[in-house]
Amino acid sequence: MADAVNLCCNSQRFSYSFLTSLSSSLNSCHRSLPPNQTRLQKSAVSVSDFCSVSGGAPIAFKRRRQFGKFKVCATVTETEPPKWWERSAGPNMIDIHSTQEFLTALSEAGERLVIVEFYGTWCASCKALFPKLCRTAQEHPEILFLKVNFDENKPMCKSLNVKVLPYFHFYRGADGQLESFSCSLAKFQKIKDAILLHNTDRCSIGPPRGIGDLNLEGLSSSKEKLAESPST
């Protein structure tokens, strides 16, 4: 048993001395090589690559592999929030872009109370009043709110005698136009009072009445004539 231990220790000493001499030989060869021959530089073995533990047994450690660094660039697309007049309180608030859309909305409203707001994007009073109008629309989903941009619909607004902004029209079925007035945020109670007065249960008989110079009955009769005309 003692002979086996001595043999193992002698072999360890031989391995350590062999590696030391091998490292010295390789390093001396590397110094004698030309500068362009650098392959042996990676193959040179140094004693520092090994660590001795108790008993003198050398343990080899592998060098850590260095990975390339990557840069991740993320682009965030910022979307502009909607402008104040582009916001909607819900499905019962509709933007009107033409006379035809206005007439169609009134015709399809049936017996619902319709409140039309005439506004301008440049109107500070319209901007101040609009959030409260949106809350009122959310509180009364049974009422239809129509938003009419004055600059986009000047001929229609002039025919409806809209001269100041913001301006409001109230319509309901066969009763036609019920009321019209200008209103600001300070006088918003006028709108609440008009809703309380006109938003009552009722049944009307007959088609919607004419609205100023814009007559819904004329629009419906023209549609009937187009339907009756023979197709070419």
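Scroll up for the structure.
Keep in mind it's a predicted model, so treat the numbers as computed, not measured.

Draft legend 1. Examining the overall build of the protein more closely. The helix and strand inventory of the protein stands at seven helices and seven strands. In the protein, the succession of α and β elements from N to C terminus is α-α-β-β-β-α-β-α-β-α-β-β-α-α. The 232 residues of the protein split such that 27% are buried. Considering only contacts in the protein between residues 6 or more positions apart, those separated by 24 or more positions represent 70%.

Draft legend 2. How the structure looks around the pattern of salt bridges. Evaluation of the coordinates by the stated rule reveals one salt bridge. With a shortest N-O distance of 3.2 Å, D95 and K147 are connected by a salt bridge. In this pair, D95 is assigned in strand 3 (residues 93-96) and K147 in strand 5 (residues 144-149), connecting sequence segments 52 residues apart. Overall, D95 belongs to the partly exposed group, its relative accessible area being 27%.

Draft legend 3. Here's a closer look at the pairing of strand 4 (residues 113-119). Of all seven residues that make up strand 4, seven are buried, and the element is covered over most of its length. Side chains of strand 4 alternate between two faces, with L113, I115, E117 and Y119 and V114, V116 and F118 buried alike. In this sheet, strand 6 (residues 167-172) lies alongside strand 4 in antiparallel orientation, the contact comprising six bridges. Bridge pairing in strand 6 places F118 opposite Y167. Where strand 4 lies against strand 5, six bridges are found, and the strand directions are parallel. Bridge pairing in strand 5 places I115 opposite F145.

Draft legend 4. Molecular detail of the nonpolar core. M93, F168, F170 and I191 are the most contacted members of the largest nonpolar core, which has 23 residues in total. Secondary-structure elements contributing two or more residues to this core are strand 4, helix 4 (124-139), strand 6 and helix 6 (189-198). It is helix 4 that provides the largest number of residues to this core, a total of six residues. I191 has contacts with F168, F170, F181 and C183, leaving out every residue within four places of it along the chain. Counting residues in each nonpolar core, the second largest holds 18 residues, with V114, L144, M156 and C157 among its members.

Reading the values: the criteria
- Residues numbered from 1 in each chain as written.
- Predicted model: local features only at pLDDT ≥ 70, side-chain atom pairs only at ≥ 80, totals over all residues.
- Heavy atoms only, no water.
- Helix = DSSP H or I, 4+ residues; strand = E, 2+ residues; numbered from the N terminus.
- Buried < 20%, exposed > 50% of the residue type's maximum accessible area, 1.4 Å probe, protein only.
- Contact = heavy atoms within 4.5 Å.
- Salt bridge = Lys/Arg side-chain N within 4 Å of Asp/Glu carboxyl O.
- Pairing = 2+ DSSP bridges.
- Core = buried A, V, L, I, M, F, W, Y, C linked by side-chain atoms within 4.5 Å.

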